[in-house]
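The lines below spell out each chain.
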Amino acid sequence: MTAAPEISVVIPVYNEEAILAESVDGLRAGLAAEGWDFEIWLAENGSRDRTRALAAELAAADPRIRWFSCPTPNYGAALRMGIERARGRFVLCEEIDLCDLDFHRRALALLRAGAADLVVGSKAMPGAHDRRPLGRRAATRAYNGLLRVTLGYRGTDTHGLKAFRRAALLPVARRCIVGHDVFASELVIRAQREGVPMTEIPVELAEKRAPSIHLARRVPRVLGNLARLIAAIHLGIGPRAPAKEER
């Protein structure tokens with residue numbers, strides 16, 4: 001096995017044959033142009049199209065690209081598995097329809113300077129530009145409002161782009177108990193509650209394609225997993241956090 005890179009990029013992918021190759025090629029070129037030592041993990045989960053085959057082709061053509069398959073369509077499980085497989089000092093959690101190099105530059109500058117161990121890319125804070133359809137923007141704000149009311153979250157966003165020091169967040173990821181979309185929120189909320197130094201920075205985004213799972217189908221599952229998370233946090237379900245690691 002090659003030496004561990006500085007940066008691992010983890011991208012859950014589900015039925016993405018239309019944009020996978022182009023997005024990965026663009027991301028790889030951008031990361032290389034920065035002069036960074038990196039690997040890209042494609043966390044395929046339950047695709048019914050050619051996503052698996054394309055991921056295998058991309059990995060065969062470039063050793064910096066790796067992939068694995070989670071057997072069911074589960075964004076959270078795939079993201080957690082990618083975080084566990086990542087070898088870099090810093091982990092960047094990406095979305096295949098974003099691949100935001102500007103976020104990576106700003107987040108890595110903060111991580112390298114020791115200003116934070118977790119950087120969240122916010123679609124809702126001042127300075128952000130969210131150009132998604134109105135319904136998706138409203139859903140994001142409503143969901144984040146629920147997190148603030150029910151779990152005391154002090155930020156403006158939890159889902160989407162994130163960057164963190166792997167040593168600080170891997171133990172948190174392993175204590176998370178919910179999957180699908182709510183895993184990303186649980187990771188951020190548990191990190192905040194455990195005192196991980198974190199900050200938000202604004203991001204700009206517009207969709208390259210319609211969501212792979214329709215919003216109306218996602219809402220019941222999200223609310224069910226959110227209820228599980230609320231119960232887990234307030235009842236103390238799950239392993240306790242160990243003492244903080246030294247930097």
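On to the overall build of the chain. Within the chain, the regular secondary structure consists of eight helices and nine strands. Relative to its length of 247 residues, the chain is compact, with a C-alpha radius of gyration of 17 Å against a globular reference of 18 Å. Taking the principal axes of its C-alpha atoms as reference, the chain extends roughly 45 × 45 × 35 Å. For the chain, with 247 residues in total, the buried portion stands at 53%. Considering only contacts in the chain between residues 6 or more positions apart, those separated by 24 or more positions represent 79%. Only carbon and sulfur atoms are counted for the fraction: they give 56% of the accessible area of the chain, which is about 10,900 Å². Put simply, the chain has 37 plus and 29 minus side-chain charges, and the middle of one group is 6 Å from the middle of the other.

Taking every second residue as pointing to the same face, both faces of strand 4 (residues 90-93) are buried, with Phe90 and Leu92 on one and Val91 and Cys93 on the other. Bridging between strand 1 (residues 7-13) and strand 4 involves four bridges; their strand directions are parallel. Counted as the bridge partner of Ile7 is Phe90 from strand 4. Pairing of strand 4 with strand 7 (residues 162-165) involves four bridges; the strand directions are antiparallel. In the sheet register, Leu92 faces strand 7, and the bridge partner there is Ala163.

Our next topic: the environment of Glu84. Here Glu84 is to be found in helix 3 (residues 75-85). Each C-alpha atom, one on Glu84 and one on Ala173, is 8.4 Å from the other, the two residues being 89 residues apart in sequence. Discounting chain neighbours no more than four positions away, the residues touching Glu84 are Arg166, Leu170 and Arg174.

By size, the foremost hydrophobic cluster in this structure holds 38 residues, and its most contacted members are Ile83, Phe164, Leu169 and Leu187. Examining the composition of this core, we find that seven residues originate from one element, helix 7 (residues 182-193), more than from any other. Ignoring any residue separated from it by four or fewer positions in sequence, one finds Leu187 in contact with Ile83, Phe164, Leu169, Val172, Ala173 and Cys176. If you look at the next biggest cluster of nonpolar residues, it comprises 35 residues, including Leu20, Leu98, Leu101 and Leu205.

Our focus in this paragraph is helix 4 (residues 101-112). With twelve residues, helix 4 ought to run about 16 Å at 1.5 Å a step, and its terminal C-alpha atoms sit 16 Å apart, in line with that. Three or more residues of helix 4 are buried, namely Leu101, Phe103, His104, Ala107, Leu108 and Leu111. Burial along helix 4 is one-sided: seen end-on, the buried residues are contained in an arc of 140°. Looking at the buried positions of helix 4, the neighbouring elements they touch are strand 1, helix 1 (20-33), strand 4, strand 5 (118-122), strand 7 and strand 8 (198-202). Among the residues of helix 4, the N-terminal cap falls to Asp100, whose side-chain oxygen and the backbone nitrogen of Asp102 are separated by 3.1 Å. Where helix 4 ends, the next residue or the one after it, Gly114, has phi of about 75°, a positive value.

Cut-offs and rules
Residues numbered from 1 in each chain as written. Predicted model: local features only at pLDDT ≥ 70, side-chain atom pairs only at ≥ 80, totals over all residues. Heavy atoms only, no water. Helix = DSSP H or I, 4+ residues; strand = E, 2+ residues; numbered from the N terminus. Rg over C-alpha atoms; globule rule 2.2 N^0.38 Å. Buried < 20%, exposed > 50% of the residue type's maximum accessible area, 1.4 Å probe, protein only. Contact = heavy atoms within 4.5 Å. Areas by Shrake-Rupley, 256 points an atom, 1.4 Å probe, with all protein chains shown as cover. Lys, Arg positive; Asp, Glu negative; His and termini not counted. Charge placed at Lys NZ, Arg CZ, Asp CG, Glu CD. Pairing = 2+ DSSP bridges. Core = buried A, V, L, I, M, F, W, Y, C linked by side-chain atoms within 4.5 Å. Expected span 1.5 Å × (residues − 1). Arc of directions from axis to C-beta. Polar contact = N/O pair within 3.5 Å; in protein donor to acceptor, adjacent residues only side chain to side chain.

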